[in-house]
Amino acid sequence: IGAIHKRRGILEMLEALSLLKEQNYSRLRLRIIGNTHQDFIVKINDKINDKGLQGWVSFTGERIPFQQMWDEMERADFGFVLDPPTEQNFTNLPGKFFEYLSSGLPVFMSDLPVLRDSLTKNEVGLLSDPSNPVLIAEHLKEMVNLIDEGGIELNRFCRTVFENNYCWEIYESG
């Protein structure tokens, strides 16, 4: 959900889904919500069509109203951001991390130091190499298993971790 950029791992995620499809692993569907420039919309749609992922992936290609964003997150099993290793990404948690946790969603994110620390400490998701579709595919299977095992309790736990560690009130009182 949000601005869609090549650097955020969309193409790698599509490649990982293609690998899972080849393995007859049919437990995942991807909903890409957000806008980007027309050339990249074409590239995403071409990749979906070339890999035969039409039944696996839906892509809006446009922004949605703010309230609808929360509705979409409510229907999701987890959120993902596969940002590349950049200087900024080594020191700052992405905003999506907070949005997903505040919605009670576990997160599937890049294995970067700042994310590794937060996810390992709080056990609210999984990490993967954002440049390696083979590893992403394997870690996506692990993510599905994590969600299957945790169920609604995992969602509550993610929300609690957000409330106890990442909401503004914590920082204002500290």
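Our subject is the structure that appears above.
Reading the values: rules and limits
- Residues numbered from 1 in each chain as written.
- Predicted model: local features only at pLDDT ≥ 70, side-chain atom pairs only at ≥ 80, totals over all residues.
- Heavy atoms only, no water.
- Axes fitted to C-alpha atoms, helices over the stretch in contact; angles between N-to-C directions.
- Helix = DSSP H or I, 4+ residues; strand = E, 2+ residues; numbered from the N terminus.
- Parallel < 35°, antiparallel > 145°, perpendicular 65-115°, else oblique.
- Left-handed = near helix turned anticlockwise from the far one by under 90°.
- Contact = heavy atoms within 4.5 Å.
- Phe/Tyr/Trp six-rings, centres within 6.5 Å; stacked < 30°, edge-to-face > 60°.
- Buried < 20%, exposed > 50% of the residue type's maximum accessible area, 1.4 Å probe, protein only.
- Lys NZ or Arg CZ within 6 Å of the ring centre and 35° of its normal.
- Pairing = 2+ DSSP bridges.

Can you walk me through the packing of helix α1 (residues 10-22) against helix α7 (residues 133-165) in this structure?
Think of two packed helices as two axes; the pair is described by the angle between the axes and how far apart they sit. Where α1 meets α7, the axes come as close as 8 Å, and the angle between the chain directions of the two elements is 65 degrees. Relative to α7, α1 is oriented roughly perpendicular. Along this stretch, α1 crosses α7, giving a crossing that reads as right-handed. Mapping the contact onto sequence places Glu12, Met13, Glu15, Ala16, Leu19 and Leu20 in α1 and Pro133, Val134, Ile136, Ala137, Leu140 and Lys141 in α7.

So what exactly am I meant to see when it comes to the packing of aromatic side chains here?
Geometrically, a pair of aromatic rings is defined through the distance of the ring centres and the angle of the planes. Applying the stated criterion across every chain yields a total of five aromatic pairs. Centroid distance Phe66 to Trp70: 5.9 Å. Interplanar angle 80 degrees. Geometry classified as edge-to-face. Within this pair, Phe66 and its partner Trp70 are both found in helix α3 (residues 66-75), separated by four residues, close to a single helical turn. Centre to centre, the rings of Phe97 and Tyr166 are 5.3 Å apart; their planes meet at 85 degrees, and the pair counts as edge-to-face. Note that Phe97 is positioned in helix α5 (residues 95-102) and Tyr166 in the loop between α7 and α8 (168-173), a separation of 69 residues in sequence. Phe97 gets classed as buried once you look at its relative accessible area, which sits at 0%. Through a chain of ring-to-ring contacts, the aromatic side chains of Phe97, Phe98 and Tyr166 assemble into a single cluster. If you follow Arg29 out to its NZ or CZ, it ends over the ring of Trp56, 4.8 Å from the centre.

Just checking my understanding: could you explain the sheet that holds strand β4 (residues 107-110) for this structure?
As a general point, the strands of a sheet are linked pairwise by backbone hydrogen bonds and lie either parallel or antiparallel. The strand order across the open sheet built from three strands is β3-β4-β5, with neighbouring strands paired in parallel fashion. The sheet is open, and its two edges are formed by β3 (79-81) and β5 (125-128), each paired on a single side. If you compare each strand with its neighbour and ignore which way they point, the axes differ by 15 degrees on average. Direction of pairing for β3 relative to β4: parallel, over a ladder of three bridges. Bridge assignment links Phe80 to a residue of β4, and that residue is Phe108.

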